[in-house]
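Here's the letter readout for the chains.
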Amino acid sequence: MRSGNPALKDSTFLDLGSGTVVSRAAGGAMTLNGTVGKTAILLVLAVMTAAFAWSKVEVTPDGMTGGLYVWGGLIGGFILAMVTIFKKEWAPVTAPMYALVEGLFLGGISAVFEARYPGIAFQAVLLTFGTLFALLMAYRSGLIKATENFKMGVVAATGGIALVYLATIVLGFFGVEIPMIHGNGIVGIGFSLFVVAIAALNLVLDFDFIETGVERGAPKYMEWYGAFGLMITLVWLYIEFLRLLSKVQSR
């Protein structure tokens, strides 16, 4: 099994000591409906804190107010994500916390984009959830199948994108920018379209991993973990839609 999502990898449903599928807990086994319900809860929590941060972050000619929510949400979300990835059994607690904290980041960064490009946040939300439901329908109908070659291609592309972003961050410390791909030219928009497509295809791999956990009878807490993994991809997809739309509207 492969996934570009760092939270859903080969060993997600395996016991790291024995290498076998994680034993079923006393609370029962993971179910598809349970995971869907947990995902809905995480989305609601994220929307609540995003709305709060949206009301607190304001972009003025002198700068930005409420930046603490953006940076606090970003750093806090990263820390909670790492804790959840390494302690999957804590997911019933850490996954909701992650959604709450990540919502602060999403609300704050959305307010920043909205100040410059009115209406962009709503467009990004519609595109994100439209993509989610479209790919879910395609996956459930068998139109898109997570074959081994499909997984290898998506994972390789995701890794390549991660390296590009890492290089951008490192070079940025030295005042160096990677030309064209982050601009609003044809190359920049094309790059964003490619990243959006790969982020969307990662949703298919997430669906496949969740379905695998259900089939293997993973413990109940893995419903929260599966929902958490899906949230990571949705956050990435939403941010990439914001970037793509901002490039298009700035032309």
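Per an unreviewed UniProt entry, the chain goes by the name Bax inhibitor-1/YccA family protein and belongs to Luteimonas soli.

Colleague: I'd like to hear about the overall build of the chain, residue by residue, with values.
Modeller: Within the chain one finds seven helices and two strands. Mapped in sequence order, the helices and strands of the chain form the string α-β-β-α-α-α-α-α-α. A burial count over the chain gives 45% of its 251 residues as buried. Across the chain, contacts joining residues at least 24 apart in sequence account for 83% of those joining residues at least 6 apart. Surface exposure of the chain reaches about 12,500 Å², of which carbon and sulfur atoms provide 71%.

Colleague: Account for the layout of surface pockets, with residues named and values stated.
Modeller: Size it by volume and the largest pocket reaches roughly 1,800 Å³. Taken together, 40 residues make up the lining of the largest pocket; nearest its centre are Leu74, Phe105, Tyr165, Trp236 and Ile239. Taken together, the elements giving at least two residues each to the lining of the largest pocket come down to α2 (67–86), α3 (91–116), α5 (148–172) and α7 (222–249). Residue contributions to the lining of the largest pocket peak at nine residues, all from α7. Class assignment for the residues of the lining of the largest pocket results in 23 nonpolar, 12 polar and five charged. Space inside the second largest pocket adds up to approximately 390 Å³. Taken together, 18 residues line the second largest pocket, and the ones lying closest to its centre are Val47, Ala50, Leu106, Val125 and Tyr238.

Quick notes on the rules
- Residues numbered from 1 in each chain as written.
- Predicted model: local features only at pLDDT ≥ 70, side-chain atom pairs only at ≥ 80, totals over all residues.
- Heavy atoms only, no water.
- Helix = DSSP H or I, 4+ residues; strand = E, 2+ residues; numbered from the N terminus.
- Buried < 20%, exposed > 50% of the residue type's maximum accessible area, 1.4 Å probe, protein only.
- Contact = heavy atoms within 4.5 Å.
- Areas by Shrake-Rupley, 256 points an atom, 1.4 Å probe, with all protein chains shown as cover.
- 1 Å grid on protein atoms, 1.4 Å probe; cavity = no way out; pocket = protein on both sides within 12 Å on 5 of 7 lines; lining within 4 Å.
- Points joined across faces, edges and corners; volume = space filled by probe spheres on them.
- Nonpolar A, V, L, I, M, F, W, Y, C, P; charged D, E, K, R; others polar.

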